[in-house]
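Residue strings, one per chain:
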Amino acid sequence: TDIAVIRLPHLSNFTDFDVLEHLKGVSLRYVEDGRELGVPDAVILPGTKNTMADLEWLRENGLAEKIRQLRWMCRWWASAAASRCWENG
């Protein structure tokens, strides 16, 4: 399972995700740029100490748009392919 954590400039509680690094079959990575995101199985958008500045940062580096695209893909996947997913385990 590929999990991408968005490394916000004002990220709070950075160590909250350490436990995920120890789970078998989980690949945890920290992403700072839209080009790095790819199509992970999950995206974690952590808490921030400066919401407005980090929102602007997300927009500037392309992550906001990439996350929007993933959200759209998830909606499509949930409606069009969920049954195949369950059948394939």
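Everything that follows concerns the structure shown earlier in this document.
The rules behind these values
In this numbering scheme, every chain counts its residues from 1 along its sequence in written order. Given that the model is predicted, a residue must reach a pLDDT of at least 70 before its local features are reported, and side-chain atom pairs must reach 80 or more before they are shown or counted; all residues, however, enter totals for whole chains, interfaces and linings. Side-chain measures were taken over the full set of non-hydrogen atoms in the model, leaving aside hydrogen atoms and water. Two strands qualify as a pair provided DSSP detects at least 2 bridges between them. Only runs of H or I of at least four residues qualify as helices and only runs of E of at least two qualify as strands under DSSP, and these elements are numbered from the N terminus. Every axis in this analysis is a line fitted to C-alpha atoms, fitted for helices over the stretch in contact. Angles between the N-to-C directions lie between 0 and 180 degrees. To form a nonpolar core, buried Ala, Val, Leu, Ile, Met, Phe, Trp, Tyr and Cys residues must be joined to one another through side-chain atoms within 4.5 Å. For the exposure calls, accessible area comes from a 1.4 Å probe over protein chains only, and a residue counts as buried if that area is under 20% of its type's maximum, exposed if over 50%, partly exposed in between. What makes two residues a contact is simply this: any of their non-hydrogen atoms within 4.5 Å.

Okay, the sheet that holds strand β3 (residues 42-44) next. Taken in spatial order, the three strands line up as β2-β1-β3 in an open sheet, and their pairing is parallel. The open sheet has two free edges, formed respectively by β2 (27-31) and β3, since each of these has just one partner strand. Averaged over all adjacent pairs, the angle separating strand axes in this sheet is 25 degrees, with direction ignored. Sheet topology note: the strand β1 (residues 2-6)/β3 ladder contains three bridges and is parallel. Across the sheet, the residue bridging to A4 is V43, located in β3.

Listed in full, the eleven residues of the largest apolar core are A4, I6, L8, L11, V31, L37, W57, L58, L63, A64 and L70. At the level of secondary structure, the elements contributing two or more residues to this core comprise β1, α2 (51-60) and α3 (63-80). Sorting elements by how many residues they give to this core places α3 first, with three residues. Counting residues in each nonpolar core, the second largest holds six residues, with I3, V5, F17 and Y30 among its members.

The next subject is the side chain of D33. Turning to its location among the elements, D33 is positioned in the loop between β2 and α1 (34-37). Of the residues examined, D33 reaches a relative accessible area of 17% and is grouped as buried. When neighbours within four sequence positions are excluded, D33 is seen to be in contact with N61 and L63.

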